[in-house]
Amino acid sequence: MTPELRTKIEALGTELSPDLLGGTQAMMAGINKGLSADTKVQRDLNYGPNERQRLDIFTIGSPSGAPVLVYLHGGGFMMGDKHTEGSPFYSNIGDFAARMGWVGVTMTYRLAPANRFPSGVEDMQLAVEWLRANIAEHGGDPAKIVLMGQSAGASHIANYLAHARDHASEAENAIAGAVFLSGIYDTTTSAHNDFNKAYYGDDVKGWGPASALAGLLASEVPMQFSLAEFDPDDFQKQAAQLVAQWIATKGRLPEMHYLSGHNHLTPGLSIGSDQAETEHMVAGFVQRVAQ
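Presented here is an overview of the structure given in this document. The shown structure was predicted, so the numbers you read here are calculated from the model rather than taken from an experiment. (Residues numbered from 1 in each chain as written. Predicted model: local features only at pLDDT ≥ 70, side-chain atom pairs only at ≥ 80, totals over all residues. Heavy atoms only, no water.)

Quick look at the packing of aromatic side chains now. By the definition in use, this model includes 13 aromatic pairs. On the numbers, 5.4 Å between centres and 75° between planes, the contact of Phe77 with Tyr200 is edge-to-face. Taken together, the positions of Phe77 in the loop between β3 (66-72) and α3 (91-99) and Tyr200 in helix α8 (residues 194-200) put the pair 123 residues apart, joining distant regions of the chain. Accessibility classification places Phe77 together with Tyr200 in one group, the buried group. Relative to Tyr200, the ring of Phe117 lies with its centre 6.3 Å away and its plane at 40°, an arrangement referred to as tilted. Of this pair, Phe117 sits in the loop between β4 (103-107) and α4 (119-134) while Tyr200 sits in helix α8; the two residues are 83 residues apart in sequence, bridging distant segments of the chain. (Phe/Tyr/Trp six-rings, centres within 6.5 Å; stacked < 30°, edge-to-face > 60°. Helix = DSSP H or I, 4+ residues; strand = E, 2+ residues; numbered from the N terminus. Buried < 20%, exposed > 50% of the residue type's maximum accessible area, 1.4 Å probe, protein only.)

Bringing the sheet that holds strand β8 (residues 255-263) into the picture now. Taken together, the 8 strands give an open sheet; going across it, the order is β1-β2-β4-β3-β5-β6-β7-β8, and neighbouring strands pair in mixed fashion. In this open sheet, the two edge strands, each paired with only one partner strand, are β1 (39-46) and β8. Along the sheet, successive strands turn relative to each other by an average axial angle of 20°, direction set aside. Pairing of β1 with strand β2 (residues 54-60) involves 6 bridges; the strand directions are antiparallel. Along β2, the bridge assignment pairs Gln42 with Ile57. This element, α3, spans β1, β2, β3, β4 and β5 (140-150) of the sheet and lies at about 35° to β2. (Pairing = 2+ DSSP bridges. Axes fitted to C-alpha atoms, helices over the stretch in contact; angles between N-to-C directions. Contact = heavy atoms within 4.5 Å.)

The topology assignment puts Thr266 in helix α11 (residues 266-269). On the basis of relative accessible area, Thr266 is assigned to the buried category, the value being 0%. Within the local environment of Thr266, its side chain forms a polar contact with the side chain of His262, the two groups lying 2.8 Å apart. Setting aside residues up to four positions removed in sequence, Thr266 forms contacts with Met1, Ile9, Thr24 and Met28. (Polar contact = N/O pair within 3.5 Å; in protein donor to acceptor, adjacent residues only side chain to side chain.)

What follows is the structure in structure tokens.
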């Protein structure tokens, strides 16, 4: 982040208030360059029967056997979408993938409180199965799927990988890598806020089975984690706990990036602008695990 942007982001604080959410969206939209003129977008392909089970596909030219970057938006399990008319988000991430020569995918999922755990795992299962069956027609390699999620989206990916044996057959065989932007990994120590209760249930004593941490530690899928400097306290603590448990279990650090000058939203929103830290981070990972 430039010093000027960092100062503005710091001034918004760390609490996920309407001022932070709206101010960050407006600030980052103002520096976004827009989709490449060469990017082709196919919108609202259904991967399941629910109206929220839709995805968009982004390509440039005629790729063949390309890595597939799949992005899941955040929104506290209760809000968000893959695309909003008049906004660059989150088509900016599909466009980034296309510009890299990959196939980009942005997807929606069912929202809480009408849909609770494990609905995110179930939606991920349907989406990955659809991609494995269909993405080759769009130039992607079904063996090179990399999942990328922010906040609630990262938590859904974590749950999907962690509970693959329970809810998603052969999940690990389908995934080349996973990118987590500020996720919740251990529900037994996460904040008891309204967003988490909406998805995991009002009885916090029952959240234990939804914890992803043990499953992530046991998984062989390559993973990249990041934390923003101005992330809320809950995400700071979750990242620290993940690192500590990873070292205790594996004897080495996970790939954890500290994004200086960023807040909870800016890592994904900065993609497609001159602030290219996230692009470089993700591109390096995808090239290592899926090229």
